[in-house]
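Structural characterization, general
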Amino acid sequence: MKEKIMKIIRGILILLVLVLIGLLIYFVGKNIYTNKMKENVKDKEWVYDNTLITHNNSYGEDIFSISKHKMIDVYNMNYQDAVDKRINEIVDDSYTLDYPLVIYNPYGTNNLGVNVYFETEEEMEISYVISVGDEKIPNYSNTLNNDVSGNYTKEHAYQIIGLVPGYKNVIDLVGKTKDGKEVTSTIFFDATKIKVNSDVLIKTVEGRSTEDMEDGLFVLFGLDKAFNANNYIYDNNGVLRADLVIEDYRSDRIEFIDGKLYYSYNNDGIGVINRLGRIEKKYLLDGYEMHHDYVYDKENNKFLILVNSDKEKNKTIEDLIISLDLETGEIKEVVDMKDLMPDIYKEAKMPESGVNTYGGSGLDWIHLNSLSIVDNGEIVVSGRELSSIISIKNIYSDPEIKYIITDEDVFEDTKYEDLVLDQKGEFVPQAGQHTITYVSDSNLGKGKYYLELYNNNYASSVTRESFPWDNYQGVGDFTDGYASQYYKYLVDENKGTYKLVKEFDVAYSSIVSSIQDVGDNHVTSSGRSNCYAEYDNNGVLIKQFNYTSQKYAYRVFKYNFDKIWFD
């Protein structure tokens with residue numbers, strides 16, 4: 001009996017050894033394969049050989065798509081070059097308006113985009129209409145941007161956005177000559193198998209305003225940040241029309257520069273995407289991670305970016321601004337709020353839990369969450385933790401605080417007290433604000449301008465227990481509040497004053513929110529209420545959009561994409 005037991009034990013041990021050897025071989029082999037693939041994707045020829053354009057009958061007759069090795073990332077520049085080369089190999093004058101070359105999302109940057117290539121005998125301007133045969137989803141139409149003067153050409157290449165996932169789409173292309181003659185052709189595209197991680201149709205609520213909505217498309221940034229990351233783009237009817245692919249984190253906004261889209265595709269990279277969806281360039285922020293916002297300084301051809309530094313993130317977070325030179329790629333630290341407000345920084349205390357709101361150990365003592373460019377090296381920033389708007393001058397040479405907008409008690413008996421502008425009129429100053437935006441008006445005269453903001457109306461300062469909230473009547477907490485507001489201040493630097501000249505209530509959102517002027521209207525996003533909306537110039541609701549979400553969307557902006565996709 002003893003021998004039999006020992007025999008069984010030996011058998012089990014041998015089996016375990018074999019299993020361990022097998023696992024070792026598997027993991028070693030997997031590691032070797034992974035390392036080999038990492039080297040392969042750096043090889044231009046290998047990427048080209050593993051990137052093909054093939055017929056894809058699942059999308060329809062004569063529809064092409066890209067077939068690539070699973071290890072090739074969309075943001076691999078070798079991949080972008082390979083796709084370009086493959087397209088150039090098959091584009092020729094045999095493709096016409098009646099029979100165009102149609103490739104689904106060739107560059108991998110728009111899951112609801114299809115590229116078309118063809119030639120016409122006469123110079124033409126091309127428009128299109130997408131329909132899906134569902135009364136709940138109205139047709140979508142636009143005129144395509146040819147990227148040539150006058151928008152008439154014989155050689156045509158476009159990215160058509162607007163495919164509706166889950167439906168069979170009919171795309172009618174309309175070519176119009178300069179003398180007004182029109183020719184139409186039709187593409188049948190089956191998008192029933194395309195999956196997206198957002199609502200295809202958002203529920204809408206009509207407001208009391210009878211004003212028209214402005215033309216354009218709403219972009220939801222940071223929808224369910226940790227779950228979905230792409231930029232989801234909706235029309236005025238709440239129909240999903242584009243799905244711009246990024247790697248992780250989110251985009252905080254889109255900047256439009258020289259006919260290109262600039263937006264973050266992960267927390268340390270900004271991509272430059274052309275009208276066809278091709279990634280033309282990437283900027284890498286080695287040693288820094290983006291958070292909350294970035295803006296384009298046209299005068300200096302630089303991005304100004306709110307970042308955390310790898311060197312500082314274990315000490316402090318969300319108090320640093322860098323510049324990115326778009327010509328040279330050079331990165332410089334231009335503003336460290338610890339240098340501008342050292343006394344306030346030293347007074348801040350870590351919460352008793354020992355972690356910040358993100359679960360890390362960095363002290364979030366000011367929480368910069370937006371910035372806007374004034375001019376001549378001057379910016380305004382939002383410090384949520386202090387419920388303060390801070391103007392900073394000479395940012396590229398010798399940064400200095402110019403003024404602060406906040407309740408007078410916030411900096412009472414500090415050396416910053418004299419920097420606080422005088423409040424004119426009776427109103428509750430902003431609390432926990434977002435998206436500070438500078439608005440110039442030549443009619444106001446020198447030293448006067450507007451600042452617009454989303455007043456979250458949220459009372460929170462976790463690093464300053466003694467923050468004076470007594471003057472902030474009607475503020476809410478993280479989960480509940482009566483309302484947030486659109487605020488518009490008139491700043492008079494000559495007199496050192498600010499006053500509230502326009503306000504209206506919006507859905508309450510303690511955090512994650514935005515405001516934006518679009519034409520005569522105002523676009524707002526209340527992330528914690530899972531909605532965004534468009535209001536008329538008087539602050540009367542035109543339409544509200546209520547999206548589904550596991551968490552929220554970070555912010556929502558509206559753009560027309562003119563001279564990108566559209567003429």
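For the structure itself, consult the block above.
The text that follows walks through the structure, step by step, so that each part is easy to find. For every chain, the first residue of its written sequence is number 1, and the numbers climb from 1 along that sequence. Residues qualify for local features only when their pLDDT is at least 70, as the model is predicted, and side-chain atom pairs are given and counted only at 80 or more; totals for whole chains, interfaces and linings, by contrast, use all residues. Note that the side-chain values use all heavy atoms of the structure and ignore hydrogens as well as water.

Quick notes on the overall build of the chain
Helix and strand definitions here come from DSSP, where helices need a minimum of 4 consecutive H or I residues and strands a minimum of 2 consecutive E residues; each element is numbered from the N-terminal end. A count of helices and strands for the chain gives 5 helices and 34 strands. Two things to know: the radius of gyration comes from C-alpha atoms, and the globule rule equals 2.2 Å times the number of residues to the power 0.38. Relative to the globule expectation of 24 Å for 567 residues, the C-alpha radius of gyration of the chain, 27 Å, shows essentially globular dimensions. Counting only C-alpha atoms, the chain reaches 100 × 70 × 45 Å along its principal axes. Burial status across the chain gives 55% buried among its 567 residues. Throughout, a residue-residue contact means that at least one pair of heavy atoms, one from each residue, lies within 4.5 Å. Here the contacts in the chain between residues at least 6 apart in sequence split such that 59% fall between residues at least 24 apart. Split by element, the accessible area of the chain, about 26,000 Å² in all, is 46% carbon and sulfur. When the 59 positive and 92 negative side-chain charges of the chain are each reduced to one mean point, those points stand 7 Å apart. Relative accessibility under 20% of the residue-type maximum defines a buried residue, over 50% an exposed one, and the middle range a partly exposed one, all with a 1.4 Å probe and only protein chains included. Exposure was quantified through the Shrake-Rupley algorithm and a 1.4 Å probe, taking into account, for residues, occlusion by the shown protein chains and nothing else. When charges are counted, neither His nor the chain ends are considered; positive counts come from Lys and Arg and negative counts from Asp and Glu. By convention, the charge on Lys lies at NZ, on Arg at CZ, on Asp at CG and on Glu at CD.

Observations concerning the packing of aromatic side chains
Pairing of aromatic side chains requires ring centres within 6.5 Å, counting the rings of Phe and Tyr and the six-membered ring of Trp. Pairs whose planes differ by under 30 degrees are stacked, by over 60 edge-to-face, and all others tilted. For the structure shown, the criterion picks out 34 aromatic pairs. Taking 5.7 Å as the distance between ring centres and 45 degrees as the angle between the ring planes, the aromatic pair formed by Y104 and F189 counts as tilted. Note that Y104 is positioned in strand β3 (residues 101-104) and F189 in strand β8 (residues 182-190), a separation of 85 residues in sequence. Accessibility assignment for this pair places Y104 and F189 in one class, buried. Among the aromatic residues, those joined into a cluster by ring pairs are F221, F256, F557, Y559, F561, W565 and F566. We count a charge as sitting over a ring when the NZ of a lysine or the CZ of an arginine lies within 6 Å of the ring centre and within 35 degrees of the ring normal. In this arrangement the basic side chain of K68 is found over the ring face of Y79, its NZ or CZ atom lying 5.8 Å from the centre.

With respect to a negative patch on the surface
The patches described consist of residues with a relative accessible area above 30% and no salt bridge, like charges being joined within 9 Å and nonpolar side chains (Val, Leu, Ile, Met, Phe, Trp, Tyr) within 5 Å. The salt bridge definition used is simple: a Lys or Arg side-chain nitrogen within 4 Å of an Asp or Glu carboxyl oxygen. On the surface, a cluster of negative charge is contributed by E408, E412, D413, E417, D418 and D422. Along the chain, E412 falls in the loop between β24 (400-405) and β25 (422-424).

Thoughts on the sheet that holds strand β21 (residues 368-373)
Any two strands with at least two DSSP bridges between them are considered paired. Sheet architecture is open: 4 strands sit in the order β21-β22-β23-β24, paired in antiparallel fashion. Unpaired on one side and paired on the other, β21 and β24 mark the two borders of the sheet. For this sheet, the mean angle separating the axes of adjacent strands, direction not counted, is 25 degrees. Note: β21 against strand β22 (residues 379-383), 5 bridges, orientation antiparallel. Bridge pairing in β22 links I373 to I379. Where helices are involved, their axes are fitted lines through C-alpha atoms of the stretch in contact, as for all axes, and angles between N-to-C directions lie from 0 to 180°.

Some details on the sheet that holds strand β27 (residues 448-455)
Spatial ordering of the open sheet is given by β25-β29-β28-β27-β26, a layout of 5 strands whose pairing is mixed. A single partner strand is all that each edge strand has here, and the edge strands are β25 and β26 (434-439). Neighbour-to-neighbour, the strand axes of the sheet open up by a mean angle of 25 degrees, direction not taken into account.

A look at the side chain of T406
Turning to its location among the elements, T406 is positioned in the loop between β24 and β25. Reaching out from T406, the side chain makes a polar contact with the side chain of S388 at a distance of 3.3 Å. In the analysis that follows, any N or O atom pair within 3.5 Å is treated as a polar contact, provided that within protein one partner can donate a hydrogen and the other can accept it, and provided that, for residues neighboring in sequence, both atoms belong to side chains.

Some remarks on a positive patch on the surface
A cluster of basic residues, K424, K448, K495 and K499, forms a positive patch at the surface. By the element assignment, K495 lies in the loop between β28 (484-492) and β29 (497-506). Note on K495: relative accessible area 65%, which makes it exposed.

Topic: helix α3 (residues 77-90)
Counting along an α-helix, one turn takes 3.6 residues, and residues three or four places apart therefore face a common direction. Given the number of residues in a helix, its expected span is that number minus one, multiplied by 1.5 Å. Between its first and last C-alpha atoms α3 spans 21 Å; for 14 residues at 1.5 Å apiece the expected length is 20 Å, and the two agree. For α3, every residue scored as buried is listed here: N78, Y79, Q80, A82, V83, D84, R86 and I87. Buried residues along α3 sit against α2 (44-49), β1 (51-55), β2 (63-68), β3, β4 (113-131) and β16 (279-284). Backbone nitrogen of N78 and a side-chain oxygen of the N-cap are separated by 2.7 Å at the start of α3; the cap is N76.

A short note on the nonpolar core
Core analysis: the largest hydrophobic core is formed by 107 residues, its most contacted members being Y128, I171, F189, F303, I305, F561 and W565. Among the elements that line this core, the one with the most residues is β4, at 8 residues. Ignoring anything within four residues of it in the chain, the contact list for Y128 reads Y140, S141, N142, L144, I160, I161, I171, D172, L173 and F566. Among the nonpolar cores identified, the runner-up in size contains 31 residues, and L368, I392, I395 and Y416 belong to it. The criterion is simple. A nonpolar core is a set of buried Ala, Val, Leu, Ile, Met, Phe, Trp, Tyr and Cys residues joined through side-chain atoms within 4.5 Å.

Here we look at the environment of D407
By secondary structure assignment, the location of D407 is in the loop between β24 and β25. Residues D407 and Y472, spaced 65 residues apart in sequence, show a C-alpha to C-alpha distance of 8.4 Å. Among all residues touching D407, those that are not within four sequence positions of it are P429, N471 and Y472. Looking at D407, its side chain comes within polar contact range of the main-chain nitrogen of D409, at 3.0 Å.

Describing the environment of Q80
Within the secondary structure, Q80 is located in helix α3. Considered as a pair, Q80 and V47 are 33 residues apart in the sequence and their alpha carbons are 9.6 Å apart. Q80 has contacts with V74, Y107, G277, R278 and I279, leaving out every residue within four places of it along the chain.

So, the pattern of salt bridges
Under the defined criterion, the tally for this structure stands at 22 salt bridges. The partner of K402 in a salt bridge is E493, with the nearest N and O atoms 2.9 Å apart. Here K402, found in strand β24, pairs with E493, found in the loop between β28 and β29; they are 91 residues apart in sequence, far enough to count as distant. Given a relative accessible area of 26%, E493 falls into the partly exposed group.

Section: unusual backbone geometry
Positive phi, close to 40 degrees, is recorded for N105, a residue that is not glycine. Inspection of the secondary structure assignment puts N105 in the loop between β3 and β4. Residue class for N105 comes out buried when judged on its relative accessible area of 9%. The phi dihedral of N457 falls on the positive side, at around 60 degrees, and the residue is not glycine. With respect to the helices and strands, the residue N457 is situated in the loop between β27 and β28. Given the relative accessible area of 6%, N457 is considered buried.

Notes on a nonpolar patch on the surface
On the surface, a cluster of nonpolar side chains totalling about 530 Å² of accessible area is made up of I5, I8, I9, I12, L13 and L16. Counting through the fold element by element, L16 comes out in helix α1 (residues 2-40). Assessed through its relative accessible area of 47%, L16 is described here as partly exposed.

By themselves, these are just geometric observations and shouldn't be taken as functional.
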